[in-house]
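Letter by letter, the chains look like this.
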Amino acid sequence: MAGTDPIAVLVKQLSRLPGIGERTAQRLAHYLLNENRDLMKSLAKALESTAEKAHECPRCCNLTAQEGVCRICANPKRNTELLCVVARPEDVNAIEKSNEYSGLYHVLHGTLAPLSGVGPEQLRVKALMSRLMGEDAGVSEVVLATPPTVDGEATALFLARNLDQSGVRLSRIASGIPVGGQLQYTDKVTLARALAERREIGGFRPV
Ligand SMILES: [Zn+2]
């Protein structure tokens, strides 16, 4: 029976992953079976142990498999005056790779999407507010790094309004023309924002 054949089960399980159709699932399964049994075993081990251990960091809500707080929250060298709010755990990795940021994070696990029923209660907003009033009261700047999409902007605006009275400085990540990009291929919203958020260079201050 196909349903109990382990290879068929593997293909079926792989095809449940986002962005993986059945054909890709088959290709992956055959790659693992033919070329890389070691990878298969270490993958299985990694999946099992993270499924058991992964949890949300009690401080920043990022996913971690460490006991207690995550690696970033536990690092005494991080700048505890800066806190960057992101939508997803992947965004933390992306910002870490830039090597431009050494502060703390807060992961919302999504953006506000009222039409899909995602309100502030579905996100880690309450956790953000309470850490800013409690253990992270020393934060002086909150960087709103939700994505520059309609939902991401609405989320940033919502947080900005809620944090307005808190006394922390608020900033929003800039967005604009990608490095290596051409102005003529840039959509008008991005171009307008790039102009609106232009910054000073040399001795000239834009007005
Ligand atoms: Zn953490």
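Residues numbered from 1 in each chain as written. Predicted model: local features only at pLDDT ≥ 70, side-chain atom pairs only at ≥ 80, totals over all residues.

**Looking at the domain arrangement of the chain**
- We note that the domain assignment places domain 1 (2-52), domain 2 (78-172) and domain 3 (174-207) within the chain.
- Placing a centre on the C-alpha atoms of domain 2 and another on those of domain 3 gives a separation of 24 Å. (Domains from an automatic or database assignment.)

**Thoughts on the pairing of strand β3 (residues 79-86)**
- Note that β3 and strand β4 (residues 103-107) share 5 bridges and pair parallel. The partner of Asn-79 across the bridge, within β4, is Gly-103.
- For the crossover from β3 across helix α5 (residues 89-98) to β4, the handedness is right-handed.
- With 4 bridges connecting them, β3 and strand β5 (residues 141-144) associate as parallel partners. Across the sheet, the residue bridging to Leu-83 is Val-142, located in β5. (Pairing = 2+ DSSP bridges. Helix = DSSP H or I, 4+ residues; strand = E, 2+ residues; numbered from the N terminus. Right-handed = clockwise from strand over helix to strand, strands pointing away.)

**Observations regarding the environment of Leu-163**
- For Leu-163, the location among the structural elements is in helix α7 (residues 150-163).
- Residue classification places Leu-163 among the partly exposed positions, given that 18 C-beta atoms sit within 10 Å.
- Sequence spacing of Leu-163 and Asn-36 is 127 residues, and the spatial spacing of their C-alpha atoms is 51 Å.
- In this structure, Leu-163 is in contact with Val-142, Val-168 and Leu-170, ignoring residues within four places of it in sequence. (Buried ≥ 20, exposed ≤ 12 C-beta atoms within 10 Å, placed from the backbone. Contact = placed C-beta atoms within 7 Å.)

**A closer look at unusual backbone geometry**
- Positive phi outside glycine occurs at Cys-61, with the angle close to 70°.
- A residue is classified by how many C-beta atoms lie within 10 Å of it, and Cys-61, with 21 of them, is buried.
- Although it is not a glycine, Asn-99 adopts a positive phi angle of roughly 55°.
- As for its position among the elements, Asn-99 is in the loop between α5 and β4.

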